[in-house]
Amino acid sequence: MAYSYWLARLRYCSKKSSFSNAFRDSFYHNKFQSSTRHYNLPSTIPERTKTRFFSWSSSFLPLAFALSAGSFAFQSQNIQPSLCEPPDLDSGKVTIGGKASTEFVVKGIHKQIPQELIDELKAICQDNMTLDYDERFYHGKPQNSFHKAVNIPDVVVFPRSEEEVSQIVKSCNKHKVPIVPYGGATSIEGHTLSPNGGVCIDMTLMKRVKALHIRDMDVVVEPGIGWMELNEYLEPYGLFFPLDPGPGATIGGMCATRCSGSLAVRYGTMRDNVISLKVVLANGDIVKTASRARKSAAGYDLTRLMIGSEGTLGVVTEVTLRLQKIPEHSVVAMCNFPTVKDAADVAIATMLSGIQVSRVELLDEVQVRAVNIANGKNLPEVPTLMFEFIGTEAYSREQTDIVQRIVSEHNGSDFVFAEEPEAKKELWKIRKEALWACFAMEPNFEAMISDVCVPLSHLAELISRSKRELDASPLVCTVIAHAGDGNFHTVILFDPNQDEHRIEAKRLNQFMVYTALSMEGTCTGEHGVGTGKIKYLEKELGIEALQTMKRIKIALDPNNIMNPGKLIPPHVCF
């Protein structure tokens, strides 16, 4: 469903970016002119939710990272699969998600959904459910990913309350039908696939701010609210929520993938900014994971267990978030380097200097070229570092001066900085638009995006080794890094319909993953596992860790209805 994704991106761009009209109009004409669809949504769904579904003419949503979804086989009502064998999805020749996985199309077993369950869902949700094919197709295909599945959801429901979610899950568990939690649909690792059909639970009607505690600097929200909407709500109070994944990401999905963003170097990831959760388990029970206290040593840390579980253990229905004060002053700076290693070395030196930067972002020369093409700019096409410093006016300027000296000691040049709001916004656009600007070079291709992360001291070596492979590849590849915490992305542009493109993209991605793992890093710093990264988990974590995860999964979800197939590779047994 790539068309819907690109069209959604066009809608966002016209409102939020400086993307050139000529490129946008040409891109729209070439890619979408003959693909417009019309979708009928339940009449009680709010207008904001409706516009997210195929409002062709007005938005351009950058690639974004967060959210849980569902895939893999669901069990028959009478036969439980062996704990030591993956369910047979294709005559015993299952490779999807396993150690030898090479396919992008996730297979599954589709079973007729019982009419009794449909009737129960209708009683629970009233008009807030649909069997419409177009809408089910939209919910069953990733909007930001090349991953595909053989099936789509049988039903899409739009619960309005925690109690409705509990009743929906309880009914699905009774009938042993898989469920797929769904939020902003901004994930990129196949999180929203539904290869076994089942029930998609769209959480976007649950978007209330339930309580704001200004003196405690926390807020209680429902999972369907987006982080950008939340920050608009908080701004008049001088507060903000500091995580910034791609536009469109919702708080529930951000919890599910344990996401972060460019501000993680200062404020941490989702696990550091969630105080407590309320979660509906597979049997319909509603569990509160912690109190609202800033710290607690009471019992198992169920909050952290649920964060990053990608909907495999429960459906998040309420989130208590830690907030921050909006900084008094900020400075945005940018500088250039002859090589990506020089740029990475400066990022490391800056962190070791003790300066508490709020952002350190790296773009390679290919990515800067993409920004120039997409926006009609004339930036030097060389590796570039971008910084943001926050605090008092004096402190921000002091940090800027120190980093400027560090840059000059590492072959840096063209150090510029801005303090005026419009000038800062113009500089920071270069980074904000980077992820989608690369499609200006290959408008008809898809993107495979790496997400490796290593201890900071290994970042320069990892980027240097990866860059040699990327530059030698026939595919167009760009590098974008959260250089302050060792996390970097490579956007590999390829045509998934061409075998040689798929093989080369997979080779590059696997090279970076294995190189990162050899440096005690991870295959995913912030995007999550989904179906795309599941094949790397045993090498990263070891079979014992995966067996422990599976024991937890079976204990909380014995019927395997909660996003089955996520996180735990199908070959894992005990």
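Residues numbered from 1 in each chain as written. Predicted model: local features only at pLDDT ≥ 70, side-chain atom pairs only at ≥ 80, totals over all residues. Heavy atoms only, no water.

Novice: Quick question: what am I supposed to make of the nonpolar core here?
Specialist: Burial of nonpolar side chains together is a common tendency in soluble globular proteins. Leu362, Leu385, Phe387, Ile463, Phe488 and Ile492 are the most contacted members of the largest nonpolar core, which has 55 residues in total. Once residues lying within four places of it in the same chain are set aside, the contact partners of Ile492 are Glu446, Ala447, Met448, Leu475, Val476, Cys477, Ala505, Leu508, Asn509 and Met512. (Core = buried A, V, L, I, M, F, W, Y, C linked by side-chain atoms within 4.5 Å. Buried < 20%, exposed > 50% of the residue type's maximum accessible area, 1.4 Å probe, protein only. Contact = heavy atoms within 4.5 Å.)

Novice: Looking at this structure, how should I read the sheet that holds strand 10 (residues 274–280)?
Specialist: Strand pairing within a sheet occurs via backbone hydrogen bonds; the two strands may be parallel or antiparallel. Taken in spatial order, the five strands line up as 7-8-12-10-11 in an open sheet, and their pairing is antiparallel. Only two strands of the sheet have a single neighbouring strand rather than two, namely strand 7 (209–213) and strand 11 (286–288). With strand direction ignored, the average angle separating the axes of adjacent strands in the sheet is 15 degrees. Pairing geometry for strand 10 and strand 12 (residues 315–322), over six bridges, is antiparallel. Across the sheet, residue Val279 finds its bridge partner in strand 12, namely Val316. Where helix 6 (residues 162–175) meets the sheet, its contacts fall on strand 10, strand 11 and strand 12, and the angle it forms with strand 10 comes to roughly 50 degrees. Helix 7 (residues 227–234) rests against strand 7, strand 8 (218–221) and strand 12 of the sheet, and its axis sits at about 45 degrees to strand 7. (Pairing = 2+ DSSP bridges. Helix = DSSP H or I, 4+ residues; strand = E, 2+ residues; numbered from the N terminus. Axes fitted to C-alpha atoms, helices over the stretch in contact; angles between N-to-C directions.)

Novice: Even after reading the chapter, I still don't get the packing of aromatic side chains, so can you show me in this structure?
Specialist: The description of an aromatic ring pair uses the distance of the two centres, along with the angle that the planes make with each other. A full pass over the atoms with the stated rule returns six aromatic pairs. Both rings, one in Tyr133 and one in Phe137, keep their centres 5.9 Å apart while their planes meet at 35 degrees; by these two values the pair is tilted. Highlighted residues: Tyr133 and Phe137, both in helix 5 (residues 133–140), separated by four residues, approximately one helical turn. With a relative accessible area of 19%, Phe137 lands in the buried category. On the basis of an interplanar angle of 85 degrees and a centroid distance of 5.7 Å, the ring pair of Phe240 and Tyr267 is categorised as edge-to-face. On the criterion of sequence distance, the pair formed by Phe240 in strand 9 (residues 239–240) and Tyr267 in helix 9 (residues 264–267) is long-range, its members being 27 residues apart. Both residues of the pair, Phe240 and Tyr267, count as buried. Across from the ring centre of Tyr514, 5.4 Å away, lies the NZ or CZ of Lys539, which sits over that ring. (Phe/Tyr/Trp six-rings, centres within 6.5 Å; stacked < 30°, edge-to-face > 60°. Lys NZ or Arg CZ within 6 Å of the ring centre and 35° of its normal.)

Novice: I tried to follow the sheet that holds strand 6 (residues 199–202) on my own but got confused; where do I start?
Specialist: Judged by pairing direction, the sheet is mixed, and its four strands sit side by side in the order 2-4-6-5 without closing on themselves. Two strands lie at the open edges of the sheet, namely strand 2 (129–130) and strand 5 (179–182), each paired on one side alone. Where strand 5 lies against strand 6, four bridges are found, and the strand directions are parallel. Each bridged residue has a counterpart across the sheet, and for Ile179 the counterpart in strand 6 is Val199. Lying over the sheet, helix 6 contacts strand 4 (155–157), strand 5 and strand 6, oriented at roughly 170 degrees with respect to strand 6.

Novice: Which parts of the structure should I look at to understand the pairing of strand 10?
Specialist: When a strand is regular, its side chains alternate between the sheet's two faces. With six of its seven residues buried, strand 10 lies for the most part within the structure. Judged from the three bridges that link them, strand 10 and strand 11 form a sheet pairing that is antiparallel. What sits directly across from Val280, in strand 11, is Ile286. Following strand 10, the chain reverses through five residues before pairing antiparallel with strand 11; Gly284 in that reversal takes a positive phi of roughly 95 degrees.

Novice: Help me understand helix 7, please; the structure alone is not making it clear to me.
Specialist: One full turn of an α-helix is made of 3.6 residues, so residues set three or four places apart face in the same direction. When helix 7 is considered as a whole, its buried residues turn out to be Trp227, Leu230, Asn231 and Leu234. The buried residues of helix 7 occupy an angular sector of 95 degrees when the element is viewed end-on, so they sit on one face. The inward-facing, buried residues of helix 7 contact strand 7, strand 8, strand 9, helix 8 (251–257) and strand 12. (Arc of directions from axis to C-beta.)

Novice: In this structure, what is going on with the pattern of salt bridges? I would like to understand it.
Specialist: Two side chains carrying opposite charge are able to pair once their charged atoms lie near each other. By the definition in use, this model includes 27 salt bridges. One salt bridge in this structure joins Lys210 and Glu318, with 2.6 Å as the shortest N-O distance. On the criterion of sequence distance, the pair formed by Lys210 in strand 7 and Glu318 in strand 12 is long-range, its members being 108 residues apart. Relative accessible area serves as the criterion here: at 36%, Lys210 is assigned to the partly exposed category. Arg292 is the partner of Asp216 in a salt bridge, and the nearest nitrogen-oxygen pair spans 3.0 Å. One end of the pair, Asp216, is in the loop between strand 7 and strand 8; the other, Arg292, is in the loop between strand 11 and helix 11 (302–306), with 76 residues separating them in the sequence. On the basis of relative accessible area, Asp216 is assigned to the partly exposed category, the value being 40%. Each member of the salt-bridge network shares a partner with another, and the members are Asp364, Glu365, Lys467 and Asp471. (Salt bridge = Lys/Arg side-chain N within 4 Å of Asp/Glu carboxyl O.)

Novice: Would you mind showing me how to read the environment of Gly261 here?
Specialist: Residue position: Gly261 is located in the loop between helix 8 and helix 9. Separated by 265 residues in sequence, Gly261 and Glu526 have C-alpha atoms that sit 7.5 Å apart. Setting aside residues no more than four positions away along its own chain, Gly261 makes contact with Asp244, His482 and Glu526.

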